[in-house]
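# Fold and contact review
What follows is the residue order along each chain.
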Amino acid sequence: MRCVVFSFAQQIHLFQCFCSGGNLTLEDLASCKVTVTDAWNMSLGEYQMHFPLPPAGGALLTFILNIMKGSNRHRLLTLKFANGLKKHIRDPNFSSDKMAKNLTEDRFANHIRSLISSDKTHDSQYYGKNSYLDSIGTTHVSVLAEDGSAVSVTSSINDEFGSNVLSSSTGIILNNHLNDFCEIHGDILNSSFSCYSRSLLYFSGEQPPSNMAPSVLKSQSTTLVIGGSGAEMIPPAVASALMNHLWFGKNLKEAIDTLVVLVDSQSEVKLESKLEKVIFSVYLNDTLIISTSLVPSESLSSLPCRM
């Protein structure tokens, strides 16, 4: 006989989910388990890079690097192929990870590289068009301790305010990661689109696909800890930083500060917005509160300003 004790806070948490339209149950909480697995790895010059297995996006990161290390050209077309291959990033507890493992292999990179034309591009279907909902609620931290311990952690609530539900018992904003199972159809710019399963079939308990790619690189003398935030920007951004540092000789700050080129969910090429430091000040209960934020440079003109 198994006895499971649920705290009052958990019951309040479930009640809030129910009132917000969710269907989380006590059984869901009881069956939730933390899975500890060995990281996947690849060779990158003198380094061995360790990264999380699916449904995280480490395989997409290695796919980009494998193609670019063979030929530092056609980065945009490589990113288009990477977008098309996202549909193969699935929870290995429910789907085969054979195709995801292929993404990490040199021979697969060679095959895709042979499909890249030097004198022309193709329509989005050629690259495996894969429309999906963009998300932005991601944060990352990399830690390297004096004793050599290394931690690379990415966390997410999926959108800026997740599911827009705040747990009063824990103060935690609940995520809306089920959106990551969605594929969009129609015109998202004019809000005339539908969303249904990207994978056509997913299962209760399955973890949704993710772009997260926290990684640790180790050589004989050096440890490099890296990762990123920004949803679909993560694989190309981390790949860009690694290429700039390991191949082009930039220091880490220069490598990370270099603006990232990406291909979005609509197969459109975009350049990362340059961030500017902005100081905000406000009086609250006769107390001056000052904070510093980074905002896209194109947004500066729309910010309220008072001298």
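Each value, and the rule that gives it
- Residues numbered from 1 in each chain as written.
- Predicted model: local features only at pLDDT ≥ 70, side-chain atom pairs only at ≥ 80, totals over all residues.
- Heavy atoms only, no water.
- UniProt positions renumbered as here; feature names shortened; annotations may be inferred.
- Pairing = 2+ DSSP bridges.
- Helix = DSSP H or I, 4+ residues; strand = E, 2+ residues; numbered from the N terminus.
- Axes fitted to C-alpha atoms, helices over the stretch in contact; angles between N-to-C directions.
- Core = buried A, V, L, I, M, F, W, Y, C linked by side-chain atoms within 4.5 Å.
- Buried < 20%, exposed > 50% of the residue type's maximum accessible area, 1.4 Å probe, protein only.
- Contact = heavy atoms within 4.5 Å.

- As annotated in an unreviewed UniProt entry, the protein chain is Gamma-glutamyltransferase 5a from Neolamprologus brichardi.
- The heading Sequence similarities (unreviewed entry) in the UniProt record of the protein chain holds the text "Belongs to the gamma-glutamyltransferase family."

## A short note on the sheet that holds strand β1 (residues 40-44)
- The four strands lie next to each other as β1-β2-β7-β8, forming an open sheet whose pairing is antiparallel. Edge strands, defined here as strands with exactly one partner in the open sheet, are β1 and β8 (223-226). Looking at each pair of strands side by side, their axes are set apart by 20 degrees on average, direction ignored.
- With five bridges connecting them, β1 and strand β2 (residues 47-51) associate as antiparallel partners. When the bridges of β2 are listed, Met42 appears paired with Met49.

## Things to note about the nonpolar core
- In terms of nonpolar packing, the biggest core is built from 39 residues, with Met49, Phe63, Leu65, Leu103, Leu217 and Leu242 touching the most fellow members.
- Breaking this core down by element, the ones donating at least two residues are β1, β2, α3 (58-70), α4 (75-84), α6 (106-114), β8 and α7 (234-247).
- Counting residues per element, this core draws most heavily on α3, at eight residues.
- Once residues within four sequence positions are removed from consideration, Leu65 is found in contact with Leu44, Met49, Ala239, Leu242, Met243 and Trp247.

## Some words on the UniProt feature "active site" (unreviewed entry) in the protein chain
- What UniProt calls "active site" (unreviewed entry) maps, in this numbering, to Thr138.
- You can see Thr138 is positioned in strand β3 (residues 137-144).
- Those residues in contact with Thr138, other than ones at most four positions away along the chain, are Thr154, Ser155, Ser156, Ser229, Gly230, Ala231 and Ile234.

## Comments concerning unusual backbone geometry
- Omega for the peptide link from Pro54 to Pro55 comes to 15 degrees, which places this bond in the cis form.
- Along the chain, Pro55 turns up in the loop between β2 and α3.
- Phi is positive for Asn158, close to 85 degrees, though the residue is something other than glycine.
- Summarising the element assignment, Asn158 is placed in strand β4 (residues 150-158).
- By relative accessible area, which is 3% here, Asn158 ends up buried.

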